[in-house]
Amino acid sequence: MNGNLQNWLQEQLNNLHEQNLYKQQVVMDTPSGARISVNDRDNVINLASNNYLGLANHPALKQAAIEAVERWGAGAGAVRPIIGTMRLHVELEQKLAAFKHVEAALVFQSGFTSNAGAIPTVMEAGDAILTDELNHASIIDGVRLSRAERKIYRHSDMNSLEDALRDTSAARKRLIITDGVFSMDGDIAPLPEIVALAEQYNAAVMVDDAHGSGVMGGGRGTAYHFGVHEKVDIQLGTLSKAVGVMGGYIAGSKPLIDWLTQRARPYLFSTAQPPAAAAAVAAAIDLMEKDDSLTSRLWENTRFWKEGLHKLGYDTGVSQTPITPVMTEDEGRAAHMQQLLLEEGVLALAIVYPTVARGKARIRTMPSAMHSRADLEEALAAFEKAGRRIGLI
Ligand SMILES: *Cc1c(COP(=O)(O)O)cnc(C)c1O
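It should be emphasised that the depicted structure is a prediction, and the values quoted were computed from it without experimental measurement.

Points about the domain arrangement of the chain
Step number 1: Here the chain is partitioned into domain 1 (20-49 + 292-389) and domain 2 (57-290).
Step number 2: Taking only C-alpha atoms, the centre of domain 1 and the centre of domain 2 are 27 Å apart.
Step number 3: The tally of links between domain 1 and domain 2 comes to one salt bridge.
Step number 4: In this structure, the salt-bridge partner of Arg362 is Asp185, at a minimum N-O distance of 2.9 Å.
Step number 5: Inspection of the region where domain 1 meets domain 2 yields eight residue pairs in polar contact (both at pLDDT 80 or more).
Step number 6: Elements with a contribution of two residues or more to the side of domain 1 that touches domain 2: helix H13 (293-312) and strand S13 (361-365).
Step number 7: In terms of residues, the side of domain 1 that touches domain 2 owes the most to one element, H13, which gives three residues.
Step number 8: Each residue belonging to the side of domain 1 that touches domain 2 can be placed in one class, and the counts come to nine nonpolar, six polar and three charged.

Some remarks on the site of the ligand
Step number 1: Around the ligand sit 14 residues in total, of which Gly111, Phe112, Asp208, Ser240 and Lys241 are the nearest.
Step number 2: A distance of 2.9 Å separates an oxygen atom of the ligand from a polar backbone atom of Phe112.
Step number 3: In the complex, the protein chains occlude 88% of the 380 Å² of accessible area that the ligand would expose alone.
Step number 4: Each residue belonging to the shell around the ligand can be placed in one class, and the counts come to two nonpolar, nine polar and three charged.

Considering the sheet that holds S13
Step number 1: Read from one edge to the other, the open sheet built from three strands follows the order S10-S13-S12, with strand pairing classed as antiparallel. Pairing within the sheet leaves two strands with one partner each, and these edge strands are strand S10 (324-329) and strand S12 (349-351). Across the sheet, the mean angle separating the axes of adjacent strands is 30° when strand polarity is ignored.
Step number 2: Where S12 meets S13, three bridges bridge the pair, whose relative direction is antiparallel. Note on S13: the bridge partner recorded for Leu349 is Arg364.

Some remarks on the nonpolar core
Step number 1: Counting 40 residues, the largest nonpolar core has Tyr52 and Leu96 as the members making the most contacts within it.
Step number 2: The set of elements that each furnish at least two residues to this core consists of helix H2 (59-72), helix H4 (87-100), strand S3 (104-108), strand S9 (248-252), helix H12 (275-290) and H13.
Step number 3: When residues are assigned to domains, this core turns out to be shared by domain 1 (20-49 + 292-389) and domain 2 (57-290), each giving three or more.
Step number 4: If near-sequence neighbours (up to four positions away) are discounted, Leu96 is found in contact with Ala105, Val107, Leu239, Tyr249 and Ile285.
Step number 5: If you look at the next biggest cluster of nonpolar residues, it comprises 25 residues, including Met337, Leu340, Ala361 and Leu376.

Concerning helix H15 (residues 373-390)
Step number 1: Between its first and last C-alpha atoms H15 spans 26 Å; for 18 residues at 1.5 Å apiece the expected length is 26 Å, and the two agree.
Step number 2: After H15 finishes, the residue Gly391 shows a positive phi value of roughly 85°.

Here's the deal with the environment of Val232
Step number 1: By secondary structure assignment, the location of Val232 is in the loop between helix H9 (222-226) and strand S8 (234-238).
Step number 2: Taking the relative accessible area as the measure of exposure, Val232 reaches 7% and is therefore buried.
Step number 3: Val232 sits 134 residues away from Ala98 along the chain, and the two C-alpha atoms are 16 Å apart.
Step number 4: Not counting residues within four places of it along the chain, the set of residues in contact with Val232 comprises Val195, Val205, Val207 and Ala223.

A few points about the packing of helix H14 (residues 331-343) against H15
Step number 1: Packing of H14 against H15 brings their axes to within 9 Å, and their N-to-C directions diverge by 140°. The orientation of H14 with respect to H15, classified from their angle, is oblique. You can see that H14 and H15 cross each other, and the crossing is right-handed. Contacts between H14 and H15 involve Arg333, His336, Met337, Leu340 and Leu341 from the first element and Ala382, Phe383, Ala386, Gly387, Arg389 and Ile390 from the second.

Considerations on the pairing of strand S7 (residues 204-209)
Step number 1: Of all six residues that make up S7, five are buried, and the element is covered over most of its length.
Step number 2: Where strand S6 (residues 174-179) meets S7, five bridges bridge the pair, whose relative direction is parallel. Of the residues in S7, the one forming a bridge with Ile177 is Met206.
Step number 3: The pairing of S7 with S8 spans four bridges and is classified as parallel. When the bridges of S8 are listed, Met206 appears paired with Ile234.

Rules used in this analysis
Residues numbered from 1 in each chain as written. Predicted model: local features only at pLDDT ≥ 70, side-chain atom pairs only at ≥ 80, totals over all residues. Heavy atoms only, no water. Domains from an automatic or database assignment. Salt bridge = Lys/Arg side-chain N within 4 Å of Asp/Glu carboxyl O. Polar contact = N/O pair within 3.5 Å; in protein donor to acceptor, adjacent residues only side chain to side chain. Helix = DSSP H or I, 4+ residues; strand = E, 2+ residues; numbered from the N terminus. Nonpolar A, V, L, I, M, F, W, Y, C, P; charged D, E, K, R; others polar. Near = heavy atom within 4 Å. Areas by Shrake-Rupley, 256 points an atom, 1.4 Å probe, with all protein chains shown as cover. Pairing = 2+ DSSP bridges. Axes fitted to C-alpha atoms, helices over the stretch in contact; angles between N-to-C directions. Core = buried A, V, L, I, M, F, W, Y, C linked by side-chain atoms within 4.5 Å. Buried < 20%, exposed > 50% of the residue type's maximum accessible area, 1.4 Å probe, protein only. Contact = heavy atoms within 4.5 Å. Expected span 1.5 Å × (residues − 1). Parallel < 35°, antiparallel > 145°, perpendicular 65-115°, else oblique. Left-handed = near helix turned anticlockwise from the far one by under 90°.

Shown next as structure tokens:
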């Protein structure tokens, strides 16, 4: 072992502990449900997962996964362009394109690799990328991997975006990238305004709908919600959050998808999604195509949850979606609150720097379609007790 490296690692870890920034691993002993066993504690109300619709443990998805393992095996066996593409993947992509009302879609191993793959594949030196300051880490990495000029605009600030558009008029082509739903604050990007500016300044638009997929627009995403899906060049969706399994996809025009199959590095150089995942995701899309009752239930619970928190006097920031931050500002307070909530039988995690800015710590809560009214009422009682103990309310 190398002393320089090992000592450096220990110093880094010590720093994190001192600043209350070290994240303890939380281990589940049950499927991801409304109530879970976690860190040896049973019957804990789960407000922390992205399993918005309860699909991660849905019987139809489990059945599809089991049947796929029986018929297709456990793994795909190769990267997509070699011999990792199964009929399952192709059918899933057709299903996703139809669901999203776009020409074509391409599935990646995750939302993360979809961003890391797509962005540098379509933007190159001489181009400019205009990116919201609160965009997800995988967008930031995707932008860094491209050789395009990077312009960061203030969060959902159309004046700042317009300034960035004016500043980049010499670029060969331009791409505005935004989260559809922002993952830490739960606010929705102003897509109609973004699309209008894009048209005015001749720029393309990419929406990362990781948290909009299955949630917004009856499940079809934020662009569909606003009716601008035909004006957005690149839509990214995850299959890992509301859709309940694992994977990501890019949806858009045929030439876009065609080009990605020729150049996107995670598609070319990382093994295809396993058959069980592809089949389970396809079953999830079938469920969502049939009816949007799960999505409706998610939104009913979201309204009830937000109202309850507001009545208690909590600040939930600018959230408009199921992602509901309970602002504590201070990092130590957030960690303390997480601990008190767990003692009261509620799992909701503290989100601190570097995931959010310093001094913007919060407890992030996400109600889901799985929660009963009683679950949410009990969770509100826990928030009342913990919040009073800490002096937050
Ligand atoms: C979670 C997330 C991703 C990554 O998706 P995975 O499928 O979990 O890799 C990408 N973008 C945003 C905005 C996210 O919230």
